[in-house]
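# Tertiary structure, described
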Amino acid sequence: FYLMEITISMKQYHKRKKWLIVLVILISILVIARIILPYFVLKYVNKTLGEMKEYTGHVEDIDIALIRGAYQIIDIRLDKIDSVSNKVDTIPFFKSPHIDLSVQWSAIFKGAVVGEIYVTDPVLNFVKGKHKNEDVKADTADFRTTIDKLMPLTINHFEIENGQIHCIDKYSNPHVDIAMTHIKVKADNLSNVNDSAKLLPAKLIAGGDVYNGRFDLNVDFNAFEKQPTFDLN
């Protein structure tokens, strides 16, 4: 009996040792991935932004959150390329210090693997060109393609915190800068995870300041329709 107890104890020891080795290997893989992944993701993101038509973009840094299934884009800037001079505009078309892209865990319990995006302090600038009499050319850039490359999951939730939109004419006298500030946007069910039988299953709520006024936006819509299908207040 004594020998049997020793044999059983040795088997348990080896089994525990094997699991400990597996655990150490997994932790090591996660640590290594956490160290090297940001470099490769940053390189991929900047390559994707550099391939856009009529625009160019750059990201300063990438932060990875493996456990949460997320990554953060730090200090992104998109610039429009002038259609006449082919030069990059000095005023950024879009910039944000922080964008978080992650898996939406609440949707997984409903059988859907979808993503969510949170954008902090974004600024969007629409700048009038210098050549006032030139024919206006259509902007053929499709940002949906770029977003799909940066976020491989279907987006189901989207939020903007403290955004700004500016319409700028720096060649007028005086200069014009019409601004909409303190913008908040929250969009839910973009991939029809909930209430998929409804005609307008997605919802967007937004608000912001315009000079001394206030605007509030409430939209029910279907994100999958090719033609805009919505009810807006």
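From a predicted model like this one, the values you see are computed outputs, not experimental measurements.

## Quick word on the overall build of the chain
Across its full length, the chain holds 3 helices and 10 strands. Shown N-terminal to C-terminal, the secondary structure of the chain runs as helices and strands in the order α-β-β-β-α-β-β-α-β-β-β-β-β. Taking all 233 residues of the chain together, the buried fraction comes to 29%. Sequence separation of 24 or more characterises 53% of the internal contacts of the chain that already satisfy a separation of 6 or more. Of the roughly 16,000 Å² that the chain leaves accessible, carbon and sulfur atoms contribute 62%.

## Re the pattern of salt bridges
Scanning the model with the defined rule gives 9 salt bridges in all. Note that Glu-161 and Lys-184 form a salt bridge whose closest N and O atoms lie 3.6 Å from each other. Residue Glu-161 is found in strand 6 (residues 155-169), and its partner Lys-184 is found in strand 7 (residues 176-188); the two are separated by 23 residues along the sequence. Of the residues examined, Glu-161 reaches a relative accessible area of 37% and is grouped as partly exposed. According to the relative accessible area criterion, Lys-184 is partly exposed, its value standing at 48%. Asp-216 is the salt-bridge partner of Arg-214, the closest N and O atoms lying 3.6 Å from each other. The pair Arg-214 / Asp-216 is uniform in exposure class, with both members exposed.

## So, the side chain of Asp-169
Note on placement: Asp-169 falls in strand 6. Given the relative accessible area of 12%, Asp-169 is considered buried. The contact partners of Asp-169, leaving out residues within four places of it in the chain, are Lys-128, His-175 and Val-176.

## Quick notes on a nonpolar patch on the surface
Taken together, the side chains of Leu-20, Leu-23 and Val-24 define a hydrophobic patch exposed on the protein surface, amounting to about 280 Å² of accessible area. Position of Val-24 relative to the elements: it lies in helix 1 (residues 2-50). Judged by its relative accessible area of 46%, Val-24 falls in the partly exposed class.

## Examining the pairing of strand 4 (residues 115-120)
Relative to strand 4, strand 3 (residues 94-103) runs antiparallel, the two being bridged by 6 bridges. The residue of strand 4 that forms the bridge with Ser-102 is Glu-116. Here 6 bridges tie strand 4 to strand 6, and the two strands are oriented parallel to one another. By the bridge assignment, Glu-116 is partnered in strand 6 with His-157.

## Focus: unusual backbone geometry
Of note, the amide linkage connecting Asn-173 to Pro-174 takes the cis form, showing an omega dihedral of 0°. Within the fold, Pro-174 resides in the loop between strand 6 and strand 7. Phi angles above zero are rare outside glycine, and Asp-121 is one such case at about 50°. Within the fold, Asp-121 resides in the loop between strand 4 and strand 5 (123-127). The backbone phi angle of His-182 is positive, close to 50°, even though this residue is not glycine. In this structure, His-182 sits in strand 7. Assessed through its relative accessible area of 47%, His-182 is described here as partly exposed.

## Some words on the side chain of Asn-189
Tracing the sequence through the fold places Asn-189 in the loop between strand 7 and strand 8 (202-210). The contact partners of Asn-189, leaving out residues within four places of it in the chain, are Asn-156, Asn-194, Pro-201 and Ala-202.

Definitions and limits used
- Residues numbered from 1 in each chain as written.
- Predicted model: local features only at pLDDT ≥ 70, side-chain atom pairs only at ≥ 80, totals over all residues.
- Heavy atoms only, no water.
- Helix = DSSP H or I, 4+ residues; strand = E, 2+ residues; numbered from the N terminus.
- Buried < 20%, exposed > 50% of the residue type's maximum accessible area, 1.4 Å probe, protein only.
- Contact = heavy atoms within 4.5 Å.
- Areas by Shrake-Rupley, 256 points an atom, 1.4 Å probe, with all protein chains shown as cover.
- Salt bridge = Lys/Arg side-chain N within 4 Å of Asp/Glu carboxyl O.
- Patch = residues over 30% accessible without salt bridge, like charges linked within 9 Å, V, L, I, M, F, W, Y side chains within 5 Å.
- Pairing = 2+ DSSP bridges.

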